Amino acid sequence: MKKWLHICFLLIFISCSSGSDQQEEYIPIPVSLEVPILFQQKLIAPLIPADNPLTEEGIALGKKLFFDTILSKDNTQSCATCHNPENSFTDTDQFSDGIDGIRGTRNSMPLFNLVWNFDERFTWDGKEFSLEKQAFEPVSNPIEMHSNWIDVEKKLQNHPEYPSLFQLAFKTVAIDSALVVKAIAQFERTLISANSKFDKYLLGQVELTDNELNGFNVFMDETKGDCFHCHGSNNNPLWTDNKFHNNGLDATFTDLGLGGVTGDTNDNGKFRSPSLRNLAFTAPYMHDGRFLTIDEVINHYSEGLQNSETIDPLMKKIDQGGVNLTSQDKADLKAFLLSLSDYDFINNPKFQQ
Amino acid sequence: MKKLITLFLGLSIAFTSCSSDSDVAPKETTININFTHNWEEDSVTKDDFNNIKFTNEHGEELSIERLRYLVSNIYLTHTSGSSYKVEDYLLVDVNDEETLSYTTNTLLPNGTYNFSFRFGFSDENNIDGEYPDLNIASFEVPMIMGGGYHYMQFDGKFIDMNDTTVGFNYHAIRAVDNTDPDNLILKDTSFSVTLGEVIVKDNSATINVKMNIAEWFKNPNEWDLNVLNQMLMPNYEAQLLMNANGKSVFSL
């Protein structure tokens with residue numbers, strides 16, 4: 001309803017504009033991100049690029065595009081096909097099928113708290129340098145939406161609603177790919193997850209069980225899990241450093257990761273540390289989705305480490321496969337990891353289609 | 001507008017003409033600090049990383065993969081005794097060139113100064129969770145090890161007695177004995193470094209701070225990586241050794 005009103009106003013504006021230059025110019029309504037208290041306390045304020053400020057109309061358009069199959073060649077796939085809100089905006093496949101049924105070689109990634117990735121290096125290997133640039137890629141990627149931007153622009157331009165929505169968001173009815181990715185990036189920047197049980201514990205609102213507390217200590221203890229050097233902590237509640245490491249998955253690499261992007265062999269086998277928020281919804285795990293369960297992940301770190309030249313020096317006792325956690329410590333570590341899952345995030349009505 | 005410009009011109013001429021009167025009047029001064037690193041005579045940049053090319057005093061061959069450290073309470077102290085704070089703290093990361101040179105403008109008079117800083121945070125400033133930029137950089141120390149922040153994260157690999165290449169994590173933090181988790185014994189092992197004379201001339205100064213990385217393994221304690229390599233954060237004795245060795249790593 002509101003939208004239609006807007007459009008009516010617009011039409012009036014447009015029709016009058018030549019007549020008088022005293023018309024007030026239409027401006028989309030600016031939005032400032034609501035930064036959760038915990039993030040206000042612990043983190044630097046997020047950066048929104050000056051050339052793509054958040055607006056109500058931009059975010060709404062971005063959301064519509066994100067869920068719309070119109071972006072794919074045969075109208076079967078949207079971003080949400082592989083980035084489903086129920087799964088914290090990833091999917092449950094090891095590798096996601098593109099529209100032609102061709103499977104990629106990477107596990108889809110959950111999407112949240114992306115504005116706090118200050119280095120703005122996105123995807124597992126950091127090949128994309130901003131959310132806007134990233135959003136260009138899936139549309140034309142042959143193993144994803146396999147479309148091309150000229151067709152997509154045409155389809156959007158001929159659509160009954162999109163031209164007016166672009167008018168509202170960007171003050172132009174001429175749709176081009178740069179505006180499409182801007183709108184999508186605006187929506188992605190609003191995906192904030194900060195309401196897990198552990199967040200509430202940090203805010204003094206709930207208690208943790210003894211197992212969860214011990215699991216947190218295993219995570220933080222340099223002689224046990226020592227996960228915090230790469231995966232954040234109570235003081236870095238993103239639960240990632242957003243940096244690239246080789247965490248000892250393989251002795252030889254089929255996927256070079258960061259090395260494939262930089263061309264530096266010292267980067268081979270390095271991938272960006274994923275956030276450990278929302279693991280309850282994001283299985284399978286790792287860049288190639290090789291682990292189906294959190295137990296498998298923990299076993300990997302505890303006794304499954306594979307040595308290679310680029311393995312991170314933070315990995316310990318590699319000759320024994322790792323630090324060999326006790327089964328109690330493993331169970332507690334898992335309980336703690338699950339306490340980082342944010343059910344409000346996956347159920348947030350703002351993020352549903 | 002024009003008037004403003006004239007006023008400006010007038011004022012700046014007035015300022016310039018006064019400048020010779022006294023060198024003691026504080027003026028807007030540009031201070032440039034460059035952090036450089038070396039292994040004895042050889043300079044070290046991130047291009048030298050990931051390569052087993054260094055040999056420490058005890059004889060272990062080693063590589064560097066990460067070297068980040070914190071300096072705080074950065075001061076210039078004038079021969080007259082007045083001191084001027086340059087910055088509260090800086091995180092230097094050899095992998096991140098932007099952090100290797102730092103420029104600021106401060107009000108201070110020309111003259112001769114002593115340059116000093118603290119390696120790490122003193123207890124007074126080592127407040128858990130207090131600094132968002134350091135939180136984002138994952139530089140914190142877990143509460144079970146006393147909280148606050150790392151002084152240094154120095155990671156690499158070395159060839160051990162069995163001829164295998166293994167990791168080391170030379171992480172300097174406030175010393176902690178956590179044998180009794182409910183009763184941590186903590187000791188501030190940050191230390192202040194007085195680096196020597198800096199001359200501020202024509203309202204500017206460039207300060208080149210050198211770290212000889214080899215010193216961390218050398219003086220006064222010859223470091224045996226076979227014995228002390230990983231899990232050094234909760235190792236109280238190791239932290240005291242780092243504290244002692246660190247005192248000779250910096251120079252101008």
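Not measured: the values here are computed from a predicted model.

The rules behind each value
Residues numbered from 1 in each chain as written. Chains lettered and ligands numbered in written order. Predicted model: local features only at pLDDT ≥ 70, side-chain atom pairs only at ≥ 80, totals over all residues. Heavy atoms only, no water. Salt bridge = Lys/Arg side-chain N within 4 Å of Asp/Glu carboxyl O. Helix = DSSP H or I, 4+ residues; strand = E, 2+ residues; numbered from the N terminus. Buried < 20%, exposed > 50% of the residue type's maximum accessible area, 1.4 Å probe, protein only. Arc of directions from axis to C-beta. Contact = heavy atoms within 4.5 Å. Pairing = 2+ DSSP bridges. Buried area = accessible area lost by both parts, 1.4 Å probe. UniProt positions renumbered as here; feature names shortened; annotations may be inferred. Phe/Tyr/Trp six-rings, centres within 6.5 Å; stacked < 30°, edge-to-face > 60°. Lys NZ or Arg CZ within 6 Å of the ring centre and 35° of its normal. Axes fitted to C-alpha atoms, helices over the stretch in contact; angles between N-to-C directions. Parallel < 35°, antiparallel > 145°, perpendicular 65-115°, else oblique. Nonpolar A, V, L, I, M, F, W, Y, C, P; charged D, E, K, R; others polar. Domains from an automatic or database assignment.

### Some remarks on the pattern of salt bridges
Residue and element names in this part refer to chain A.
Here is step 1: Throughout the structure, instances matching the rule amount to 23 salt bridges over all chains.
Here is step 2: Two residues, Glu25 and Lys171, come together in a salt bridge whose shortest N-O distance is 2.8 Å. With Glu25 in the loop between helix H1 (2–16) and helix H2 (37–42) and Lys171 in the loop between helix H7 (162–170) and helix H8 (177–189), the pair connects residues that are 146 residues apart, well separated along the chain.
Here is step 3: Lys171 sits in the partly exposed class, given a relative accessible area of 36%.
Here is step 4: With its nearest N and O atoms 2.7 Å apart, the salt bridge here joins Asp255 to Arg106. With Asp255 in the loop between strand E1 (244–245) and helix H12 (258–262) and Arg106 in the loop between helix H4 (79–82) and helix H5 (131–140), this residue pair connects regions lying 149 residues apart in the sequence.

### With respect to the environment of Thr79(B)
Here is step 1: Within the fold, Thr79(B) resides in the loop between strand E4 (61–78) and strand E5 (83–93).
Here is step 2: Distance from Thr79(B) to Val94(B), taken between C-alpha atoms, is 32 Å for residues 15 residues apart in sequence.

### Concerning helix H6 (residues 149–157) of chain A
All names here are of chain A.
Here is step 1: Turning to H6, its buried residues are Trp149, Val152 and Leu156. Looking straight down H6, one finds that the buried residues subtend no more than 60° of arc, so they occupy a single side. What points out from H6, more than 90 degrees from its buried face, is the exposed set Ile150 and Lys154.
Here is step 2: Residues of H6 that are buried in the fold lie against helix H3 (56–66), H5, H7 and H8.

### Quick word on the pairing of E5(B)
Residue and element names in this part refer to chain B.
Here is step 1: Pairing of E4 with E5 involves 9 bridges; the strand directions are antiparallel. The residue bridging Tyr75 from the neighbouring strand is Lys85, located in E5.
Here is step 2: From the end of E4 to the start of E5, which pair antiparallel, there are 4 residues, and Gly81 there has a positive phi angle of about 105°.

### Quick word on the interface of chain B and chain A
Here is step 1: Contacts between chain B and chain A engage 30 residues on the former and 33 residues on the latter.
Here is step 2: Between chain B and chain A the total buried area reaches about 2400 Å² when both faces are included, carbon and sulfur atoms providing 55% of it.
Here is step 3: There are 1 salt bridge connecting chain B and chain A.
Here is step 4: Of all the secondary structure elements, the ones that give two or more residues to the side of chain B that touches chain A are E4, helix H2 (132–136), strand E8 (152–159) and strand E9 (165–172) of chain B.
Here is step 5: Broken down by element, the residue count for the side of chain B that touches chain A peaks at 5 residues, all from E9(B).

### So, the UniProt feature "domain: Cytochrome c" (unreviewed entry) in chain A
Here is step 1: Taking the UniProt record as the reference, the feature "domain: Cytochrome c" (unreviewed entry) is found at residues 210–341 of chain A.
Here is step 2: Across residues 210–341 of chain A, helical content stands at 35% and strand content at 3%; the span's end C-alpha atoms are separated by 18 Å.

### Quick word on the pairing of strand E7 (residues 111–119) of chain B
Regular strands place side chains that alternate from one sheet face to the opposite one.
Residue and element names in this part refer to chain B.
Here is step 1: As judged from the 6 bridges shared by E4 and E7, these two strands associate in the antiparallel manner. Bridge assignment links Ser72 to a residue of E7, and that residue is Arg118.
Here is step 2: Relative to strand E12 (residues 191–200), E7 runs antiparallel, the two sharing 9 bridges. Bridge pairing in E12 links Tyr113 to Val198.

### Looking at the UniProt feature "domain: Copper-binding protein MbnP-like" (unreviewed entry) in chain B
Here is step 1: Feature annotation in UniProt places "domain: Copper-binding protein MbnP-like" (unreviewed entry) on residues 29–225 of chain B, given in this structure's numbering.
Here is step 2: Note that residues 29–225 of chain B is 3% helix and 52% strand, and that its end C-alpha atoms are spaced 44 Å apart.

### Quick look at the environment of Thr164(B)
Here is step 1: Inspection of the secondary structure puts Thr164(B) in the loop between E8 and E9.
Here is step 2: Each residue touching Thr164(B), except ones within four places of it in the same chain, is listed here: Phe158(B) and Ile159(B).

### Notes on the packing of aromatic side chains
Describing an aromatic ring pair means giving the distance of the ring centres and the angle of the ring planes.
Residue and element names in this part refer to chain A.
Here is step 1: With the rule as written, the count across this model stands at 45 aromatic pairs over all chains.
Here is step 2: When the centroid spacing of 5.9 Å and the interplanar angle of 50° are considered together, the rings of Phe89 and Phe345 count as tilted. Residue Phe89 is located in the loop between H4 and H5, and its partner Phe345 is located in helix H16 (residues 343–347); the two are separated by 256 residues in the primary sequence.
Here is step 3: Note on Phe89: relative accessible area 0%, which makes it buried.
Here is step 4: Residue class for Phe345 comes out buried when judged on its relative accessible area of 2%.
Here is step 5: A cation over a ring is seen here: Lys64 above Tyr162, with NZ or CZ 5.3 Å from the ring centre.

### Some thoughts on the packing of H6(A) against H8(A)
Residues and elements named next belong to chain A.
Here is step 1: Remark: H6 packs on H8, axes separated minimally by 10 Å, with the N-to-C direction vectors making an angle of 80°. When the axes of H6 and H8 are compared, the pair comes out roughly perpendicular. From H6, Trp149, Glu153 and Leu156 reach across to H8, where they touch Ser177, Val180 and Val181.
Here is step 2: Within the contact of H6 with H8, the residues separate by chemical class into 4 nonpolar, 1 polar and 1 charged.

### A closer look at the domain arrangement of chain A
Residue and element names in this part refer to chain A.
Here is step 1: Each assigned domain of chain A is listed here: domain 1 (37–192) and domain 2 (197–346).
Here is step 2: Just the C-alpha atoms count here: the centres of domain 1 and domain 2 sit 27 Å apart.
Here is step 3: Counting residues at the interface gives 37 residues for domain 1, matched by 32 residues for domain 2.
Here is step 4: For the domain 1 face of the interface with domain 2, the top three residues by lost area are Leu38, Phe112 and Trp124, together amounting to 24%.
Here is step 5: Where domain 1 touches domain 2, the interface holds 2 salt bridges.

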